Amino acid sequence: TLGRGELLALLNFIFQYRRPPWLPPFLFLEQSFRAEGIPGNDLELMRLCQRAVGPENFGVKPHPRNGDDLPQRLGLSRRVELRVPWELFLLNQEPPRPTVLTVCSNGALSGRLCLGLEDDTVMLYKLYTGKVLWKENQVLSRYLEAFRRQFAGRNYYVPETVFELRNVLKVLGGQYGG
């Protein structure tokens, strides 16, 4: 039987985990919208977040299926070298972990559901304009709302307006500007 430390060491070996050389205080988990051909405003949401917290405090974890590093090429983020499953990163990262920003990444939910972590999380799905399942499918929509009510905790935010987003980020340590 493997203990927690032995299991973590084994997973780190399998995935060749290395601590990222740079981690911003605010980390946006990119999703595969571009790879799936779903037009939306995710890049604009990244830009809004970056302006609210400052470029030096903001980074984007690339989604492996996108493969284009577009946020980096657009100047929205320095390179965040984090090419392992999000949950493995969380297991290796001691508090304080970055504030997670995302449209609706499962990674932001699994940290709470699977690992019981109470990290600051900002879900932007109510501000996203793309046509995606959680807007079209009532089961998924109810799931997100039930998660928010039952599991989210006090550090979980779902802003409904850009004004609310800026203020949430200000409270979480952003500079409130731009």
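In the block above lies the structure referred to throughout.
In what follows, the accompanying structure is described. (Residues numbered from 1 in each chain as written. Predicted model: local features only at pLDDT ≥ 70, side-chain atom pairs only at ≥ 80, totals over all residues. Heavy atoms only, no water.)

1. Details of the layout of surface pockets
Empty space among the atoms becomes apparent when a probe as large as a water molecule is rolled across them.
And then number 1: Estimates place the volume of the largest pocket at around 690 Å³.
And then number 2: Considering the residues around the largest pocket, the lining is formed by 29 residues, among which Gln31, His63, Cys104, Ser105 and Asn106 are closest to the centre.
And then number 3: Looking at the lining of the largest pocket, the elements with two or more residues in it are α4 (86-92), α5 (106-113), α6 (133-136) and α7 (138-150). (1 Å grid on protein atoms, 1.4 Å probe; cavity = no way out; pocket = protein on both sides within 12 Å on 5 of 7 lines; lining within 4 Å. Points joined across faces, edges and corners; volume = space filled by probe spheres on them. Helix = DSSP H or I, 4+ residues; strand = E, 2+ residues; numbered from the N terminus.)

2. Overview of a nonpolar patch on the surface
And then number 1: On the surface, a nonpolar cluster with roughly 620 Å² of combined accessible area is contributed by Leu2, Leu7, Leu10, Phe13, Ile14 and Phe15.
And then number 2: With respect to the secondary-structure elements, Leu7 resides in helix α1 (residues 4-15).
And then number 3: Look at Leu7 and you get partly exposed, because its relative accessible area is 40%. (Patch = residues over 30% accessible without salt bridge, like charges linked within 9 Å, V, L, I, M, F, W, Y side chains within 5 Å. Areas by Shrake-Rupley, 256 points an atom, 1.4 Å probe, with all protein chains shown as cover. Salt bridge = Lys/Arg side-chain N within 4 Å of Asp/Glu carboxyl O. Buried < 20%, exposed > 50% of the residue type's maximum accessible area, 1.4 Å probe, protein only.)

3. Topic: the side chain of Thr102
And then number 1: Take Thr102: it is sitting in strand β4 (residues 99-102).
And then number 2: Of the polar contacts made by the side chain of Thr102, one reaches the side chain of Gln31; its length is 3.4 Å.
And then number 3: Beyond its immediate stretch of four places on either side in the chain, Thr102 contacts Phe28, Leu29, Gln31, Ala108, Val122, Met123 and Leu124. (Polar contact = N/O pair within 3.5 Å; in protein donor to acceptor, adjacent residues only side chain to side chain. Contact = heavy atoms within 4.5 Å.)

4. Remarks on the packing of α5 against α7
The relative placement of two packed helices comes down to the angle between their axes together with the axis-to-axis distance.
And then number 1: For the pair α5 and α7, the least separation of the axes is 12 Å and the interaxial angle reads 45°. Relative to α7, the element α5 lies oblique. Crossing hand, α5 versus α7: left-handed. Facing Leu109, Arg112 and Leu113 of α5, the residues of α7 in contact are Tyr143, Leu144 and Phe147.
And then number 2: Residue classes in the contact of α5 with α7 are distributed as five nonpolar, no polar and one charged. (Axes fitted to C-alpha atoms, helices over the stretch in contact; angles between N-to-C directions. Parallel < 35°, antiparallel > 145°, perpendicular 65-115°, else oblique. Left-handed = near helix turned anticlockwise from the far one by under 90°. Nonpolar A, V, L, I, M, F, W, Y, C, P; charged D, E, K, R; others polar.)

5. With respect to empty space enclosed by the protein
And then number 1: Summed over the entire model, instances satisfying the criterion amount to one cavity of 30 Å³ or more.
And then number 2: For the largest cavity, the calculated volume is near 90 Å³.
And then number 3: Every residue along the wall of the largest cavity is listed here: Trp86, Leu90, Val100, Gly107, Ala108, Gly111, Arg112, Leu117, Asp119 and Thr121.
And then number 4: Secondary-structure elements contributing two or more residues to the lining of the largest cavity are α4 and α5.
And then number 5: Considering only residue class, the lining of the largest cavity consists of five nonpolar, three polar and two charged.

6. Concerning the packing of aromatic side chains
And then number 1: Tallied over the entire structure, the rule returns four aromatic pairs.
And then number 2: Between the aromatic rings of Phe28 and Phe58, the centroid separation amounts to 6.4 Å while the plane-to-plane angle is 65°, which identifies the pairing as edge-to-face. Here Phe58 lies in strand β2 (residues 58-61) and Phe28 lies in strand β1 (residues 26-29), a separation of 30 residues in the sequence. As far as the burial class goes, Phe28 and Phe58 line up, both buried.
And then number 3: Of note, Arg78 hangs over the ring of Trp22, and the distance from its end group to the ring centre comes to 4.0 Å. (Phe/Tyr/Trp six-rings, centres within 6.5 Å; stacked < 30°, edge-to-face > 60°. Lys NZ or Arg CZ within 6 Å of the ring centre and 35° of its normal.)

7. Re unusual backbone geometry
Note: most peptide bonds trans; most residues except glycine with negative phi.
And then number 1: Cis peptide bonds are those with omega within 30 degrees of zero, and the linkage from Pro95 to Pro96 qualifies with 0°.
And then number 2: Summarising the element assignment, Pro96 is placed in the loop between α4 and β4.
And then number 3: At Gln16, a position not held by glycine, the phi torsion is positive, near 55°.
And then number 4: Of the residues examined, Gln16 reaches a relative accessible area of 60% and is grouped as exposed.
And then number 5: A positive phi angle, near 50°, is found at Asp69, a position not held by glycine.

8. Remarks on the pattern of salt bridges
And then number 1: This model, assessed by the stated rule, comprises 13 salt bridges.
And then number 2: Taking the shortest distance from any N to any O, the salt bridge between Glu30 and Arg34 comes out at 2.6 Å.
And then number 3: Using a relative accessible area of 24% as the deciding quantity, one classes Arg34 as partly exposed.
And then number 4: Among the ionic pairs, Arg79 bridges to Glu81, the shortest N-O distance being 3.1 Å.
And then number 5: The exposure class of Arg79 is partly exposed, given its relative accessible area of 33%.
And then number 6: In this structure Glu81 comes out as partly exposed when scored by relative accessible area, which is 37%.

On their own, these measurements won't tell you what the molecule is for.
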